[in-house]
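Listed here are the chains, written in short residue letters.
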Amino acid sequence: MDNKIQIAEKNFWVGKVDDRPVPFHRLILEKGTTYNSYLLETEKPTLIDTVDISFGVEFVKKLSENFDLSTLKYVVINHVEPDHAGALPALMSKAKNAVIVTTERAKELLNGMFKLHNKEYHIIKDGETLDIGGKTLKFFEVPYLHTEETMMTYCIEDKILYPCDIFSTHLATYELFNDLAKVDITEDFKVYYQLIMSPHRPYVREMLAKLKTIEINTIAPSHGFILRDNAKKFVDLYDIMSKKDTSNKKALILYSSMTGNTGKIANDIYEGLTESGIETSIVNAKSSSIDTVKEMAAKSQLIIIGSSTKYGDMIGNIEDYLKEIVSMDLSSKYGFVFGSYGWSGESIEIINDYLKKSNIELLDSARVIKTTGANDIHLPLRIKFYGEDEKAAAINAGKLAAEFIA
Ligand code: FEO
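Just so we're clear, the structure is a prediction, and the values are computed from it rather than from any experiment.

**Overview of the environment of Thr102**
Part 1 of the reasoning: Mapped onto the secondary structure, Thr102 falls in strand β10 (residues 99–102).
Part 2 of the reasoning: Thr102 gets classed as buried once you look at its relative accessible area, which sits at 0%.
Part 3 of the reasoning: In this structure the C-alpha to C-alpha distance between Thr102 and Lys44, which are 58 residues apart in sequence, comes to 16 Å.
Part 4 of the reasoning: In contact with Thr102, other than residues within four places in its own chain, are Ile77, Lys107, Leu110, Tyr121, His122, Ile123, Ile124 and Met151.

**Overview of the environment of Gly112**
Part 1 of the reasoning: As for its placement among the helices and strands, Gly112 is situated in helix α4 (residues 104–114).
Part 2 of the reasoning: Judged by relative accessible area, which is 47%, Gly112 ranks as partly exposed.
Part 3 of the reasoning: For the pair Gly112 and Lys61, spaced 51 residues apart in the sequence, the C-alpha separation amounts to 25 Å.

**A closer look at the UniProt feature "domain: Flavodoxin-like" (unreviewed entry) in the chain**
Part 1 of the reasoning: When the UniProt feature table is mapped onto this chain numbering, "domain: Flavodoxin-like" (unreviewed entry) sits at residues 251–391.
Part 2 of the reasoning: What you have in residues 251–391 is 41% helix and 23% strand, and the ends, taken at the C-alpha atoms, are 19 Å apart.

**Concerning the nonpolar core**
Part 1 of the reasoning: In terms of nonpolar packing, the biggest core is built from 64 residues, with Leu91, Phe167, Met207, Leu211 and Tyr238 touching the most fellow members.
Part 2 of the reasoning: Sorting the residues of this core by element identifies β4 (22–24), α1 (56–66), α3 (88–94), α4, β14 (151–155), α5 (186–197), α6 (201–211) and α7 (231–242) as the ones contributing at least two each.
Part 3 of the reasoning: Among the elements that make up this core, the one with the highest residue count is α7 (six residues).
Part 4 of the reasoning: Setting aside its immediate chain neighbours within four residues, Phe167 contacts Leu161, Phe189, Met207, Leu208, Leu211, Ile219, Pro221, Leu227, Phe234, Val235 and Tyr238.
Part 5 of the reasoning: With 27 residues, the next largest nonpolar core counts Phe338, Ala374, Ala401 and Phe404 among its residues.

**Some details on the sheet that holds strand β1 (residues 5–8)**
Part 1 of the reasoning: As summarised here, the arrangement of the seven strands in space is β1-β2-β7-β8-β9-β10-β11, forming an open sheet in which the pairing is mixed. Among the strands making up the open sheet, the edge pair consists of β1 and β11 (121–123). Direction aside, neighbouring strands of the sheet carry axes that sit 25 degrees apart on average.
Part 2 of the reasoning: In this structure, β10 lies alongside β11, joined through three bridges in parallel fashion. If you follow Val101 over to β11, its bridge partner there is His122.

Here is what the cut-offs are and how they apply
- Residues numbered from 1 in each chain as written.
- Predicted model: local features only at pLDDT ≥ 70, side-chain atom pairs only at ≥ 80, totals over all residues.
- Heavy atoms only, no water.
- Helix = DSSP H or I, 4+ residues; strand = E, 2+ residues; numbered from the N terminus.
- Buried < 20%, exposed > 50% of the residue type's maximum accessible area, 1.4 Å probe, protein only.
- Contact = heavy atoms within 4.5 Å.
- UniProt positions renumbered as here; feature names shortened; annotations may be inferred.
- Core = buried A, V, L, I, M, F, W, Y, C linked by side-chain atoms within 4.5 Å.
- Pairing = 2+ DSSP bridges.
- Axes fitted to C-alpha atoms, helices over the stretch in contact; angles between N-to-C directions.

Here it is, written out as structure tokens:
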């Protein structure tokens, strides 16, 4: 196989096929994988992603056989995991004039991982473009697909999307293009989605919305086949696989608020749930009867309870509701606890202890992280006072909880 394969005018695959069983995310990829890197030989030559760290020296050596690395102007890093950014230190030691193009968060991570503080960076924001001399790149930030710093790159003139991990397949292909594949890759493509992308389903939906703004002829991901035949089919598969049936899925938010902050958090969680398509009832404990709340709880797959803290305890009459709810059969229902506080927030822990004694599936940080891959979730949701960051956290908690019942 050549080290440099043309995929469009002045546009080449320069990656690495890894046909070993590859350890990856607690799995062994028995069919191997590829690390696809792309070289756009425009007036301002640009490399999009690199290869796995274990092939860094080999990658740079082979690249330099066909290309003068001193002329490399940009290195686009869509995602910092070592299977794509791993060759960056070896590359930057030779490509001394190159500028790293990436997101702000990715820059922090690259500096932490590879000590590239002395390199020049060009930080992009969602929707920005970059003229690379004869072609134009457009960047889309797609956080959590599948890590927080991720972005996609799109070449406007070639109509090629470089989404890194997204739309990838773990297959060690020497055919490279999907129209040359000797087997139907659809099943492997779906398996990859389930393993890597499905925990981040809401972000897949946001990414797909961004793709509606561009015309895609070819998808050039960073693992497996380049999808130049019927690229739309693969976008449509993500659309189908990331849809969830939320019909008849209900949630109840019950709260008691002292100064209004716990009420605001309740409203934010409500926003996250309803944005995820969950029919949600929100009840201030002082305004509804216990029987009505029990009826709502019985019909809900998700029960979320919150209280402010006053003198180290819950406020108002919420404990009366709580005692009744935990006496119900809550098996197969999910729940979590929230509340704002100024000092210690004991009420949140007291409610959590109540729910632990029931048979509800209680959501905490560890469970949500392991299921969804989220890295910035804290459950129970303990909010000291209230501000814009706390609002975003509460909306996010609602969205993530929705994933368990959708
Ligand atoms: Fe292919 Fe997230 O690395």
